[in-house]
Amino acid sequence: MSAGGRTSSDHCQARTDAGGFDYGLAPAGVRPKIQQAANAVREQLRAANPDAAAIGRELRTVKRLLAHGTFVAWLEAEFSIDHAAAVRFIAAAEGGERR
């Protein structure tokens, strides 16, 4: 089971191919880290049992690196997931860290 009590089958709508985000919108120094995070999330979304906490940790890192408003554009371009889904993944990461 993953973020928000959802199962891995709930993630089938998520895009798992390379997205179309304009990495020119990200500061040059963090572009490789954001691209690595996108690849890691993509791998998890393709997995039979995605690790919601691992996805959440990657998303939280990228959210901190991108300018306000750019994170949602990145989510939509790279994975076709919305902000609410990202918040659930991030909550799963933070919940696991509190244990």
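The numbering scheme is per chain: residues are counted from 1 as the chain's sequence reads. In keeping with the model being predicted, local features are shown solely for residues with a pLDDT of at least 70 and side-chain atom pairs are shown and tallied solely at 80 or more, while totals for entire chains, interfaces and linings include all residues. Calculation of side-chain values draws on the structure's entire complement of heavy atoms; hydrogens and water are dropped beforehand.

1. Considerations on the packing of helix H2 (residues 52–65) against helix H3 (residues 70–79)
To describe two helices that pack against each other, one gives the angle between their axes and the distance between the axes.
In step 1: Put simply, H2 and H3 touch, their axes get as near as 9 Å, and they point 135° apart. As the angle between them shows, H2 and H3 are arranged oblique. Contacts between H2 and H3 pair Leu-59, Val-62 and Lys-63 from the former with Phe-71, Trp-74, Leu-75 and Phe-79 from the latter.
In step 2: Each residue is assigned to one class: nonpolar for Ala, Val, Leu, Ile, Met, Phe, Trp, Tyr, Cys and Pro, charged for Asp, Glu, Lys and Arg, and polar for all the others, Gly among them. Grouping the constituent residues of the contact of H2 with H3 by class yields six nonpolar, no polar and one charged. Throughout, an axis means a line fitted to C-alpha atoms (over the contacting stretch in the case of helices), and angles, computed between N-to-C directions, take values from 0 to 180 degrees. Numbering of helices and strands starts at the N terminus; helices are DSSP runs of H or I of at least 4 residues and strands are runs of E of at least 2. Any angle that falls under 35 degrees is termed roughly parallel, while one over 145 is termed roughly antiparallel, one within 65 to 115 roughly perpendicular, and all others oblique. The criterion used for residue contact is that any of the two residues' heavy atoms lie within 4.5 Å.

2. Some details on the packing of aromatic side chains
In step 1: Two rings from Phe, Tyr or Trp (for Trp, the six-membered ring) form a pair when their centres are within 6.5 Å of each other. A pair whose planes differ by under 30 degrees is stacked, one over 60 is edge-to-face, and the rest are tilted. Taken as a whole, this structure holds three aromatic pairs when the rule is applied.
In step 2: A centroid spacing of 4.9 Å and a plane angle of 85° characterise the contact between Phe-21 and Tyr-23, whose relative ring orientation is edge-to-face.
In step 3: Put simply, the rings of Phe-71, Trp-74 and Phe-79 touch in pairs and so form one group of aromatic residues.

3. Comments concerning the pattern of salt bridges
In step 1: Whenever a carboxyl oxygen of Asp or Glu lies within 4 Å of a side-chain nitrogen of Lys or Arg, that contact is scored as a salt bridge. By the definition in use, this model includes two salt bridges.
In step 2: For the salt bridge of Glu-78 with Arg-42, the shortest nitrogen-to-oxygen distance reads 2.2 Å. Residue Glu-78 is found in helix H3, and its partner Arg-42 is found in helix H1 (residues 31–46); the two are separated by 36 residues along the sequence.
In step 3: Exposure remark for Glu-78: the relative accessible area of 3% places this residue in the buried category.
In step 4: The closest approach of N and O atoms between Arg-60 and Glu-94, which form a salt bridge, is 3.9 Å. For every residue, the accessible area obtained with a 1.4 Å probe (protein chains only) is divided by the maximum for its type, and the residue is called buried under 20%, exposed over 50%, and partly exposed between those limits.

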